[in-house]
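Each chain is listed here by its residues.
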Amino acid sequence: MTALLHGRDKADAAAETARKTFEECGLAADLPSISVPASELDAGIGLLALFVRAGLAASNGEARRHIQGGAVRINDEPVKDEKRIVTSADLRDRVVKLSMGKKRHVLVRVS
């Protein structure tokens, strides 16, 4: 379907992104991303606020419900603590991978 709507190249790129993300738990370059200043990440950002900022949740309450439901991961590791602070210690190759459920991912890049 993607090939019909967007062309074969886009379909192949989407398939490769999905393969890297889901099969290898990797950081595909085509994943959506947001930029966060290094100083802000060094100081720490609340997980709820970061999920809202990344567009993975509409509100802190929604993000909290997803955490309580076990749908939230940081760098493919499940998160149970809604008061978790994301810091530069969470960086992997200069990015933090946020995941909501199995199909929604955003990379937090340091600017």
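What you see is a predicted model, and the numbers here were worked out from it, not measured in a lab. (Residues numbered from 1 in each chain as written. Predicted model: local features only at pLDDT ≥ 70, side-chain atom pairs only at ≥ 80, totals over all residues. Heavy atoms only, no water.)

A. Molecular detail of unusual backbone geometry. Located in the positive-phi region is N75, a residue other than glycine, with phi close to 50°. The residue N75 is located in the loop between strand 3 (72-74) and strand 4 (77-78) in this model. The exposure class assigned to N75 is buried, which follows from its relative accessible area of 15%. With a phi close to 65°, R94 is a non-glycine residue in the positive phi region. Structurally, the position occupied by R94 is in the loop between strand 5 (85-86) and strand 6 (95-100). Note on R94: relative accessible area 54%, which makes it exposed. (Helix = DSSP H or I, 4+ residues; strand = E, 2+ residues; numbered from the N terminus. Buried < 20%, exposed > 50% of the residue type's maximum accessible area, 1.4 Å probe, protein only.)

B. Representation of the side chain of R73 within the structure. In this structure, R73 sits in strand 3. No salt bridge forms around the buried R73; measuring N to O, its nearest opposite-charge neighbour D76 is 4.5 Å away. A polar contact of 2.9 Å, which involves the side chain of R73, links it to the backbone oxygen of G101. Among all residues touching R73, those that are not within four sequence positions of it are F51, P78, V79, K97, L98, S99, G101, K102 and H105. (Lys, Arg positive; Asp, Glu negative; His and termini not counted. Salt bridge = Lys/Arg side-chain N within 4 Å of Asp/Glu carboxyl O. Polar contact = N/O pair within 3.5 Å; in protein donor to acceptor, adjacent residues only side chain to side chain. Contact = heavy atoms within 4.5 Å.)

C. A look at the pattern of salt bridges. For the coordinates displayed, the defined rule picks out 4 salt bridges. Residues E40 and R53 are paired through a salt bridge, measuring 2.5 Å at the closest nitrogen-oxygen approach. Placement of the pair is E40 in helix 3 (residues 38-43) and R53 in helix 4 (residues 47-53), with a sequence separation of 13 residues. Taking the relative accessible area as the measure of exposure, E40 reaches 28% and is therefore partly exposed. In this structure R53 comes out as partly exposed when scored by relative accessible area, which is 39%.

D. Here's a closer look at the side chain of S99. As for its position among the elements, S99 is in strand 6. Given the relative accessible area of 0%, S99 is considered buried. For S99, the side chain forms a polar contact with the side chain of H105, separated by 2.8 Å. With residues near it in sequence (within four places) discarded, S99 still touches F51, A71, V72, R73, D76, R104 and H105.

E. Expanded view of the environment of V108. Mapped onto the elements, V108 comes out in strand 7 (residues 104-110). V108 sits in the buried class, given a relative accessible area of 1%. Along the backbone, V108 and S35 are 73 residues apart, and their C-alpha atoms lie at a distance of 5.9 Å. Not counting residues up to four positions away in its chain, the partners in contact with V108 are I34, V36, L50, R94, V95, V96 and L98.

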